[in-house]
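The chain contents come next:
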Amino acid sequence: MILVHRITPFGIVLVSIAAFASLIYSPFFGMKMLIPATAILALSFSRLLLWEFHRPAFWVFFGTPMLLWVSSLIFFSFLEDPVSKWVIATTVTFGLALYAENVFTFYHLPSAYQAYALENLSLVLYVLSAFFFTSGAFGSQLFLLLPVWIPMLVVFVAVLLATVSVFWVSKIGFETGRPYAIVGAIIMAELYSVLSTWPTSFVTNAATFAVLLYTFLVLSRANVLERLSKKMVVRTLAFASVLLVIILGSARWL
């Protein structure tokens, strides 16, 4: 039985690459593959997680890679350059594979599991998913003329669930993390509204959103875990500032 679980991450890689390659080289056929590919990925991760639908852990560990997958497809639909498409395909596939490998180790080979691996990886994947998702949301506003309150509401719910999940993986109780999740979701939804008025591309807006979400998650998690220090605040804010300078400095302002 463990052999089946052992090869599951490799199967996830094959399905992801096959789906993205089909979208790049044969978009019509690729669109037909999306539903079965998504179903296979969902079943694969469910199997790794032992089908424990009744446990909160299942939904946290299941939701992280599936959010990455779905949000990347939304962003992918706005890309035209084949090189950019392959960069996204490779990044997402690597993220799914790495997450599946760590879930396998955590559940089926705990003696080899590295402490805090899923905790740190979940944070990275949620920030990456936020970039993909908000890129799609900003793009939808631009091309579909959606009113801003619709994506704002979705962003609020997504950030709320992401914060709760990141805190839960970090062994922070729901009652303790709930105020941070609610306040963070409100702030990030308002930030989305502000960014939607900027005369920049939807990719620039999404990258800015992702950096600020990362800053919020890192600092709020550290505060709850009583690990927050002046040195950490300065280091985190300095890192975020450098990224924002690069993003906004290289952006094309309309």
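To be clear, the structure that these remarks concern was listed above.
Bear in mind the structure is a predicted one, so any value in this text is a computation, not a measurement. (Residues numbered from 1 in each chain as written. Predicted model: local features only at pLDDT ≥ 70, side-chain atom pairs only at ≥ 80, totals over all residues. Heavy atoms only, no water.)

J.: Is there a simple way to think about the nonpolar core in this case?
T.: Across soluble globular proteins, nonpolar side chains show a tendency to be buried alongside one another. With 73 residues, the main nonpolar core has Phe45, Trp69 and Phe209 as its most contacted residues. When residues in this core are grouped by element, the largest group, 12 residues, is from helix H8 (residues 202-224). Setting aside anything within four residues of it in sequence, one finds phenylalanine 45 in contact with Ile12, Phe62, Pro65, Met66, Leu96, Tyr99 and Ala100. (Core = buried A, V, L, I, M, F, W, Y, C linked by side-chain atoms within 4.5 Å. Buried < 20%, exposed > 50% of the residue type's maximum accessible area, 1.4 Å probe, protein only. Helix = DSSP H or I, 4+ residues; strand = E, 2+ residues; numbered from the N terminus. Contact = heavy atoms within 4.5 Å.)

J.: Just to check I follow, could you spell out helix H6 (residues 149-169) for this structure?
T.: An α-helical turn contains 3.6 residues, so any two residues separated by three or four positions project in the same direction. For H6, with 21 residues, the first-to-last C-alpha span of 30 Å sits near the 30 Å given by 1.5 Å per residue. The set of residues buried in H6 consists of Pro151, Val155, Val159, Ala162, Thr163, Ser165, Val166, Phe167 and Val169. Packing partners of the buried residues in H6 comprise helix H3 (56-76), helix H5 (117-144), helix H7 (174-195) and H8. Trailing H6 by a residue or two, lysine 171 shows a phi angle of about 65°, which is positive. (Expected span 1.5 Å × (residues − 1).)

J.: Even after reading the chapter, I still don't get the pattern of salt bridges, so can you show me in this structure?
T.: Pairing is possible between side chains of opposite charge, provided their charged atoms come close. Across all of its chains, the model carries 3 salt bridges by this definition. Between glutamate 52 and arginine 55 there is a salt bridge; the shortest N-O distance is 2.9 Å. Residue arginine 178 pairs with glutamate 175 through a salt bridge whose shortest N-O separation is 2.8 Å. Here arginine 178 and its partner glutamate 175 are both found in helix H7, 3 residues apart, which amounts to about one turn of the helix. (Salt bridge = Lys/Arg side-chain N within 4 Å of Asp/Glu carboxyl O.)

J.: Teacher, can you tell me more about the side chain of lysine 85 here?
T.: Inspection of the secondary structure puts lysine 85 in helix H4 (residues 82-108). Buried within the structure, lysine 85 lacks any salt-bridge partner; glutamate 80 is the closest side chain of opposite charge, at an N-O distance of 8.2 Å. In this view, lysine 85 contacts Ile24, Phe76, Leu79 and Glu80; residues no more than four positions away in its chain are not counted. (Lys, Arg positive; Asp, Glu negative; His and termini not counted.)

J.: Any chance you could explain the environment of isoleucine 35 here in plain terms?
T.: In this structure, isoleucine 35 sits in helix H2 (residues 27-48). Using a relative accessible area of 68% as the deciding quantity, one classes isoleucine 35 as exposed. Once the C-alpha coordinates of isoleucine 35 and valine 13 are considered, the two residues, 22 residues apart in sequence, prove to be 16 Å apart.

J.: I keep staring at the packing of H3 against H4 and nothing clicks. Help me out?
T.: Packed helix pairs are characterised by how far apart their axes lie and by the angle those axes make with each other. Where H3 meets H4, the axes come as close as 10 Å, and the angle between the chain directions of the two elements is 175°. Here H3 is positioned roughly antiparallel relative to H4, judged by the angle of their axes. Judged by residue contacts, Ala57, Val60, Phe61, Thr64, Pro65, Leu68, Trp69, Ser72, Phe75 and Phe76 of H3 engage Lys85, Ile88, Val92, Gly95, Leu96, Tyr99, Phe106 and Tyr107 from H4. Residue composition of the contact of H3 with H4, by class: 14 nonpolar, 3 polar and 1 charged. (Axes fitted to C-alpha atoms, helices over the stretch in contact; angles between N-to-C directions. Parallel < 35°, antiparallel > 145°, perpendicular 65-115°, else oblique. Nonpolar A, V, L, I, M, F, W, Y, C, P; charged D, E, K, R; others polar.)

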